[in-house]
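Each chain, letter by letter, is given below.
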Amino acid sequence: MVYTPFPMDILTAIRSAEDIVVIGHSNPDGDCVFSQLALSRVLTSLGKHVTLLNEGPFARDEIARFENMFLTEAPSSLVERNPLVIVVDCSTIDRPGKVIAPFASCRMIVLDHHSSGEPFTDSSLMYIQPLSVSTTLIVDALREALGVPLDQTTASYIYKGFVTDTGFFHFISDKVGGETLRRVSHLVDHGVSPYCVYDEMHDGKSLSYFKGVAGLVDRVQSRYDGALLYTWQTDDDGFEGKPADDIYAQLLQVEGVRVVLFFKQKEDEIDIGMRSKNGSGIDIGAFASSHGGGGHRYAAGAKVKGELDDVIRNTIEDLRSVL
Ligand code: 5GP
Ligand code: MN
């Protein structure tokens, strides 16, 4: 059973709260943003006053138009009301960035599905289920536990988080498949069109975006007899859009590959995106954790200070023992 019953403390804390702040991780993806949005609708329907906090940036195309529904800083008037805080899709306390600090003394519920991380609230207020393919499906289970009926908009948010984190039904194992897909079929029964959502979340890219992806694929390096493939992106690439997922999708199909790394130069750090191949026996989330990051068994990341060349060289060397 993936969606085990929620701790009574979580349900009681939500039922008795008036003000609730829902916080997600910085540089949010679809699962994070749509978990926040879906949870907001569930809580609002229970009469709660809900504030959505996320420091952004809302860089990905599929979430950009929802930015105006979020605050990027905590208003002091809200902090003074001592709200209940619900943190979604975060496995460590640093993931939300600076927005969480003002609420340090508030009661905090954590809803997450990462396999590696550091607990940062009471165990009775945590619902962490690594077998859930997305955090939005945890929000759906919570909705059910709170007795809130599903509506079409909430269903579409839950579905969009689900497809984001499963690569549109790709990363679902037989271990969780039946229960997961029964939950998803319920979303479709409530008016979600998988075909329309796919197009809505992919269409509108420029041709130059795909030429850029081709350039990043063109510079891919292979190490350890092809078990590792990696590429990188610098400011000089002048890239618009987020190419990483398209690159992982291609490179993980290459014969013999076990790990794909994508190094992205940021202002003062290198953002390392990490993927391991299903069946490779490599828990890339554990590797990311040991480098100050985190994630899941097959999808993870970390942020590392240093020059791009050094970070690439050191990370490859550290992978030697894992591979
Ligand atoms: P993505 O590559 O799609 O940004 O992230 C893949 C997974 O790894 C996500 O579940 C994400 O939360 C996690 N992840 C990515 N970067 C970091 C990081 O710097 N720190 C932590 N703790 N997790 C990360
Ligand atoms: Mn997620």
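## A look at the overall build of the protein chain
Then, number 1: Within the protein chain, the secondary structure is distributed over 12 helices and 11 strands.
Then, number 2: A globule of 323 residues ought to have a C-alpha radius of gyration of about 20 Å, and the protein chain, at 20 Å, matches this closely.
Then, number 3: Along the longest, intermediate and shortest principal axes, the C-alpha atoms of the protein chain span 55 × 40 × 35 Å.
Then, number 4: Relative to its full complement of 323 residues, the protein chain shows a buried share of 50%.
Then, number 5: Contacts in the protein chain between residues at least 24 apart in sequence constitute 66% of all its contacts with a sequence separation of at least 6.
Then, number 6: In the form shown here, the protein chain has an accessible surface area of approximately 15000 Å², with 49% of it arising from carbon and sulfur atoms.
Then, number 7: Distance between charge centroids for the protein chain: 3 Å, based on 29 positive and 45 negative side chains.

## Section: the packing of aromatic side chains
Then, number 1: A full pass over the atoms with the stated rule returns 13 aromatic pairs.
Then, number 2: With 5.9 Å between their ring centres and 45° between their planes, Tyr-159 and Phe-162 make a pair best called tilted. On the criterion of helical spacing, the pair formed by Tyr-159 and Phe-162 is a turn pair, its members being 3 residues apart in helix α6 (residues 152–166). Neither residue differs from the other here; Tyr-159 and Phe-162 are each classed as buried.
Then, number 3: With a centroid separation of 6.0 Å and an interplanar angle of 85°, the aromatic rings of Tyr-230 and Phe-263 are classed as edge-to-face. Of the two residues, Tyr-230 is situated in strand β7 (residues 228–233) and Phe-263 in strand β8 (residues 259–265); the sequence distance between them amounts to 33 residues. Summarising the burial analysis for this pair, Tyr-230 and Phe-263 share the class buried.
Then, number 4: The ring of Tyr-3 carries Arg-183 above its face, with NZ or CZ at 4.8 Å from the centroid.

## Thoughts on the state of the cysteines
Then, number 1: As enumerated under the stated definition, the model contains 0 disulfides in all.
Then, number 2: With no disulfide partner, Cys-32 has as its closest neighbouring cysteine sulfur the one in Cys-90, 5.9 Å distant.
Then, number 3: Cys-32 gets classed as buried once you look at its relative accessible area, which sits at 0%.
Then, number 4: Of the cysteine sulfurs around Cys-106, a residue in no disulfide, the closest is that of Cys-90, at 16 Å.

## Some points on the coordination of the manganese ion (ligand 2)
Then, number 1: The protein atoms that coordinate the manganese ion (ligand 2) are Asp-31 (OD), Asp-89 (OD), His-113 (NE2) and Asp-165 (OD), at distances spanning 2.2 to 2.4 Å.
Then, number 2: Each donor residue of the manganese ion (ligand 2) belongs to the same chain, with the gaps between them written as D-x57-D-x23-H-x51-D. Of the two residues, Asp-89 is situated in the loop between β3 (84–88) and β4 (108–112) and His-113 in the loop between β4 and β5 (126–128); the sequence distance between them amounts to 24 residues. As far as burial versus exposure is concerned, Asp-89 and His-113 are alike and both buried.

## With respect to the site of ligand 1
Then, number 1: Surrounding ligand 1, one finds 15 residues, the nearest of these being Arg-95, His-114, Arg-275, His-296 and Lys-303.
Then, number 2: Here an oxygen atom of ligand 1 sits 2.9 Å away from a polar atom, N or O, in the side chain of Arg-95.
Then, number 3: At 3.0 Å, a side-chain N or O of His-296 approaches an oxygen atom of ligand 1.
Then, number 4: About the coverage of ligand 1: the protein hides 84% of its 500 Å² of free accessible area.
Then, number 5: Contributions of two or more residues to the shell around ligand 1 are made by β10 (294–295) and β11 (299–304).
Then, number 6: With 5 residues, β11 is the single largest residue contributor to the shell around ligand 1.

Conventions used here
- Residues numbered from 1 in each chain as written.
- Chains lettered and ligands numbered in written order.
- Predicted model: local features only at pLDDT ≥ 70, side-chain atom pairs only at ≥ 80, totals over all residues.
- Heavy atoms only, no water.
- Helix = DSSP H or I, 4+ residues; strand = E, 2+ residues; numbered from the N terminus.
- Rg over C-alpha atoms; globule rule 2.2 N^0.38 Å.
- Buried < 20%, exposed > 50% of the residue type's maximum accessible area, 1.4 Å probe, protein only.
- Contact = heavy atoms within 4.5 Å.
- Areas by Shrake-Rupley, 256 points an atom, 1.4 Å probe, with all protein chains shown as cover.
- Lys, Arg positive; Asp, Glu negative; His and termini not counted.
- Charge placed at Lys NZ, Arg CZ, Asp CG, Glu CD.
- Phe/Tyr/Trp six-rings, centres within 6.5 Å; stacked < 30°, edge-to-face > 60°.
- Lys NZ or Arg CZ within 6 Å of the ring centre and 35° of its normal.
- Disulfide = S-S within 2.5 Å.
- Donors = N, O, S within 2.8 Å, 3.2 Å for Na, K, Ca; no water.
- Near = heavy atom within 4 Å.
- Polar contact = N/O pair within 3.5 Å; in protein donor to acceptor, adjacent residues only side chain to side chain.

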